[in-house]
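As a plain string of letters, each chain reads:
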Amino acid sequence: MLRSIQASVKRAASAASSTQPLLPRRGYSSESAPERKVAVLGAAGGIGQPLALLMKLNPLVSSLSLYDIAGTPGVAADVSHINTRSEVAGYMGEDQLGKALEGCDLVIIPAGVPRKPGMTRDDLFNINAGIVKSLSAAIAKYCPNALVNMISNPVNSTVPIAAEVFKKAGTYDEKKLFGVTMLDVVRAKTFYAGKAKVPVEGVNVPVVGGHAGITILPLFSQATPKANLSDEDIKALTKRTQDGGTEVVEAKAGKGSATLSMAYAGAIFADACLKGLNGVPDVVECSFVQSSITELPFFASKVKLGKNGVEEVLDLGPLSDYEKQGLESLLPELKSSIEKGIKFANQG
Ligand SMILES: NC(=O)c1ccc[n+]([C@@H]2O[C@H](COP(=O)([O-])OP(=O)(O)OC[C@H]3O[C@@H](n4cnc5c(N)ncnc54)[C@H](O)[C@@H]3O)[C@@H](O)[C@H]2O)c1
Ligand SMILES: O=C(O)C[C@H](O)C(=O)O
């Protein structure tokens, strides 16, 4: 049974990325993988629980630290019974946050409130900005060298908030802070494969910009394998990718936003970060990072991952006229979300 779950996770992971299966390739066993401590902050939540499960299935993880303000003992006890490599520990409440973070190589943050129908991601700012600010301060104190994968929305603002907190603490390393935009890539691949009628396993689509509405810019002109899609098809695919989160929020009708697909995307991205740390060559995924490829200080694009986190921020490559227009249109909104985060972090 376990073997068949692992096999299907592995198949699914290979489908999502031609370069980074969730479980290591043959010849790279857990015995030869270095010790890696990974923390999930918000581990008892809708994303946190399935993400904890997927990280427990990843043999690159030797220690899995599950933190939340409530509910983590149960999640940790449950996940800990799975017979895979990592030791699991649950931590609950702020007084246990330091212990949860000490010695971490990677911290994944899906803590915070999700959207309800009719809300934008920015409507989450008032609650989630404070949560991210305090968790970032704890990361600066207890594991300043860890890579940080920010899932909490609005990502376009929470990443700049974390950067400012780290700067104030004197621990900021731009190579180590990532906004997780992998779900946009996962969606773009799925929707493209459906429209182009090609097997989804082989599909690649870069998604750039940010993670909200029109700031999500899938580059279908660079999608592989190539397909002869009409301009109308490309417009519809672009809109569906940009509205993917809202599609799930509406279908869940008040019971939250994407959790399962997000846990999957988060696990793929975390796996890519761990592979980079472990020196696996040519690990490339899209992420919202400090960037100079546009005039904005943060931008999502393809990023090469290495032993210190970001090894190289890759440029956008050739854009179609439609994508050039999309890029122009997204810049003002993304700029103001970034500035909002920076301003918040520097108040008080
Ligand atoms: N980046 C993306 O693509 C993406 C995709 C989906 C959801 N999200 C975002 O992820 C976040 C979480 O979504 P969810 O569906 O898991 O929500 P959820 O409400 O189910 O879970 C959130 C968890 O965070 C915990 N939490 C709250 N404050 C905390 C704190 N200070 N420290 C630690 N944990 C704390 C809660 O107790 C809860 O268990 C939301 O902001 C959502 O918008 C992002
Ligand atoms: O849409 C949301 O609010 C959650 C997340 O950002 C998503 O893209 O699914």
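Anything mentioned here points back to the structure above.
Read on for a plain summary of the structure. Just so we're clear, the structure is a prediction, and the values are computed from it rather than from any experiment.

### Side note on helix 10 (residues 260-277)
Okay, so step 1: The terminal C-alpha atoms of helix 10, which comprises 18 residues, lie 26 Å apart, in line with the 26 Å expected from a rise of 1.5 Å per residue.
Okay, so step 2: Of all 18 residues making up helix 10, 16 are buried, and the element is well covered by its neighbours.

### Remarks on empty space enclosed by the protein
A water-sized probe, rolled over the atoms, reveals where empty space remains.
Okay, so step 1: Across all of its chains, the model carries one cavity of 30 Å³ or more by this definition.
Okay, so step 2: By volume, the largest cavity is sized at about 90 Å³.
Okay, so step 3: The wall of the largest cavity is formed by Ile139, Ala140, Cys143, Pro144, Ala146, Val148, Phe166, Thr171, Tyr172, Asp173, Lys176 and Leu177.
Okay, so step 4: Per-class residue counts for the lining of the largest cavity are nine nonpolar, one polar and two charged.

### Some words on the site of ligand 2
Okay, so step 1: Ligand 2 sits among Arg115, Arg121, Asn153, Leu183, Arg187, His211, Gly245, Ser257 and Ala258.
Okay, so step 2: Between an oxygen atom of ligand 2 and a side-chain N or O atom of Asn153, the distance comes to 2.8 Å.
Okay, so step 3: At a separation of 2.7 Å, an oxygen atom of ligand 2 approaches a polar side-chain atom of Arg187.
Okay, so step 4: Here ligand 2, which alone exposes 260 Å², has 95% of that area covered by the protein.
Okay, so step 5: Under a 2 Å grid-point criterion requiring more than half of the atoms, the pocket assigned to ligand 2 is the largest pocket.

### Considering the side chain of Asp68
Okay, so step 1: Structurally, the position occupied by Asp68 is in strand 2 (residues 63-68).
Okay, so step 2: One buried charged side chain, Asp68, makes no salt bridge at all; its nearest oppositely charged neighbour is Lys252, positioned 15 Å away.
Okay, so step 3: Among the polar contacts made by the side chain of Asp68, one reaches the main-chain amide nitrogen of Ala43 at a distance of 3.3 Å.
Okay, so step 4: Separated by 3.5 Å, the side chain of Asp68 and the backbone nitrogen of Ala70 make a polar contact.
Okay, so step 5: Apart from residues lying up to four places away in sequence, Asp68 is in contact with Gly42, Ala43, Ala44, Gly45, Tyr91, Met92 and Gly93.

Definitions and limits used
- Numbers given to residues run from 1 along each chain, matching the order in which its sequence is written.
- Lettering for chains starts from A, numbering for ligands starts from 1, and both go in the order in which the items are written.
- The predicted nature of this model means local features are confined to residues of pLDDT at least 70 and side-chain atom pairs, given and counted, to a pLDDT of 80 or more, with totals for whole chains, interfaces and linings taken over all residues.
- Working from all heavy atoms in the structure, the side-chain values ignore hydrogens and water.
- The way it works is that DSSP assigns letters per residue, a run of H or I at least four long becomes a helix, a run of E at least two long becomes a strand, and they are numbered from the N terminus.
- The length a helix should cover is 1.5 Å for every residue beyond the first.
- In this scheme, a residue with accessible area under 20% of its type's maximum is buried, one over 50% is exposed, and one in between is partly exposed, where area comes from a 1.4 Å probe on protein chains only.
- Using a grid of 1 Å spacing that covers the protein atoms alone, one calls a set of points a cavity when a 1.4 Å probe fits there but cannot get out, and a pocket when the set is open and has protein on both sides within 12 Å along at least five of seven lines; lining residues are those with an atom within 4 Å of a point.
- Grid points are joined across faces, edges and corners, and a volume is the space filled by probe spheres set on the points.
- The classification used treats Ala, Val, Leu, Ile, Met, Phe, Trp, Tyr, Cys and Pro as nonpolar, Asp, Glu, Lys and Arg as charged, and all other residues, Gly among them, as polar.
- Being near a molecule or strand, for a residue, means having at least one of its heavy atoms within 4 Å of it.
- Two N or O atoms count as a polar contact when they lie within 3.5 Å, although within protein this holds only if one can serve as hydrogen donor and the other as acceptor, and sequence-adjacent residues are included solely when both atoms are side-chain atoms.
- The method behind every accessible area is Shrake-Rupley, applied with a 1.4 Å probe, and residues are considered shielded solely by the protein chains displayed.
- If over half the atoms of a molecule are within 2 Å of the grid points of a cavity or pocket, the molecule is regarded as sitting in it.
- Positive residues here are Lys and Arg, negative ones are Asp and Glu, while His and the chain termini are left out of the count.
- For this analysis, a salt bridge means a side-chain nitrogen from Lys or Arg found within 4 Å of a carboxyl oxygen belonging to Asp or Glu.
- Every residue pair with non-hydrogen atoms within 4.5 Å of one another is taken to be in contact.

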